[in-house]
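Architecture at a glance
Here are the chains, one letter per residue:
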Amino acid sequence: LMPWFKKDGPFNFKLQALHLVLFGWAWYILLILSCDFKRLLFSFHDLNGKELCLRPDLTISSVLRFVQSKSNKKQKVFYSGEAFRKTYQKQESIIKNQIGFEILGSKDKQKEDREIIDTSIKILKSSGFKKAVLKIGNVELFNLLINKLDIPRRWKNRLKRHYWNENYFNEL
């Protein structure tokens, strides 16, 4: 799928390819995610005692890279590679192959979200795959949905906090 994202690809998306680091500071990743996510990380300590972890998700890595760059300009980026998360299901692999693209620093989220979805559909239609699934991983959409539920605030917060723990979330 990578040729579609290149500047001279069939859709001329003009996206910047990201080369993301394989590991990062665990505390920085957990700052963004809930602490419940920590149990899914492959983490270790370096010789200075700092906790590091293998990247659990490429979206997180791309956002961290954008935040660290302190840029306020819109960036259209794509990435592909492996992410590493512990699993408690025997049939699941700890290695997640992921490909994606993001528009970071957007001033018009609705327009940019539509562009992402439309582009994804074009790619899937032209890919030749007989069967494909488009997964939209926008936590903001999830939070909007939860906020619309007629349930107590503490339950809304609990659902948001445990989103990453699929088994427990499904029990809720």
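No experiment lies behind these values; they were computed from the predicted model shown. (Residues numbered from 1 in each chain as written. Predicted model: local features only at pLDDT ≥ 70, side-chain atom pairs only at ≥ 80, totals over all residues. Heavy atoms only, no water.)

Some remarks on the pairing of strand β4 (residues 51-54)
Selection criterion: Between any two strands, pairing holds if DSSP finds at least two bridges. Helix and strand assignments follow DSSP, with helices taken as H or I runs no shorter than four residues and strands as E runs no shorter than two, numbered in order from the N terminus.
Note: strand β3 (residues 43-45) against β4, three bridges, orientation antiparallel. Each residue of the ladder has a partner; that of F44, found in β4, is L52. Remark: five residues form the turn of the hairpin made by β3 and β4, two consecutive strands paired antiparallel; G49 in that turn has positive phi of roughly 85°.

Looking at the environment of I99
Basically, it comes down to this: When accessible area is computed with a 1.4 Å probe and restricted to protein chains, residues below 20% of their type maximum are described as buried, those above 50% as exposed, and intermediate ones as partly exposed.
Examined against the element boundaries, I99 turns out to sit in strand β6 (residues 95-104). Relative accessible area serves as the criterion here: at 37%, I99 is assigned to the partly exposed category.

Looking at the pattern of salt bridges
Our working rule: For this analysis, a salt bridge means a side-chain nitrogen from Lys or Arg found within 4 Å of a carboxyl oxygen belonging to Asp or Glu.
For the coordinates displayed, the defined rule picks out four salt bridges. With a shortest N-O distance of 3.8 Å, R114 and D118 are connected by a salt bridge. Here R114 and its partner D118 are both found in helix α4 (residues 109-127), four residues apart, which amounts to about one turn of the helix.

Details of the environment of I121
On the secondary structure map, I121 appears in helix α4. Here the alpha-carbon distance between I121 and V133, two residues twelve residues apart in the chain, equals 9.9 Å.

Section: helix α3 (residues 58-69)
Rules: Here, expected helix span is obtained from the residue count minus one, scaled by 1.5 Å.
Here α3 contains twelve residues, and its C-alpha end-to-end distance of 16 Å stays within 8% of the 16 Å for a straight helix at 1.5 Å per residue. Turning to α3, its buried residues number three or more, namely L58, I60, S61, S62, L64 and F66. Directly beyond the C-terminal end of α3, a positive phi value near 55° is found at K70.

Observations concerning the packing of aromatic side chains
Stated precisely, the cut-off is as follows: Each Phe, Tyr or Trp ring (for Trp, its six-membered ring) is paired with any other whose centre lies within 6.5 Å, and the angle between the two planes then decides the class: stacked below 30 degrees, edge-to-face above 60, tilted in between. Any Lys NZ or Arg CZ that is within 6 Å of a ring centre and within 35 degrees of that ring's normal is treated as a charge sitting over the ring.
Across all of its chains, the model carries zero aromatic pairs by this definition. Across from the ring centre of F42, 5.8 Å away, lies the NZ or CZ of K86, which sits over that ring. The cationic tip of R158 hangs over the ring face of W155; the distance from NZ or CZ to the ring centre is 4.9 Å.

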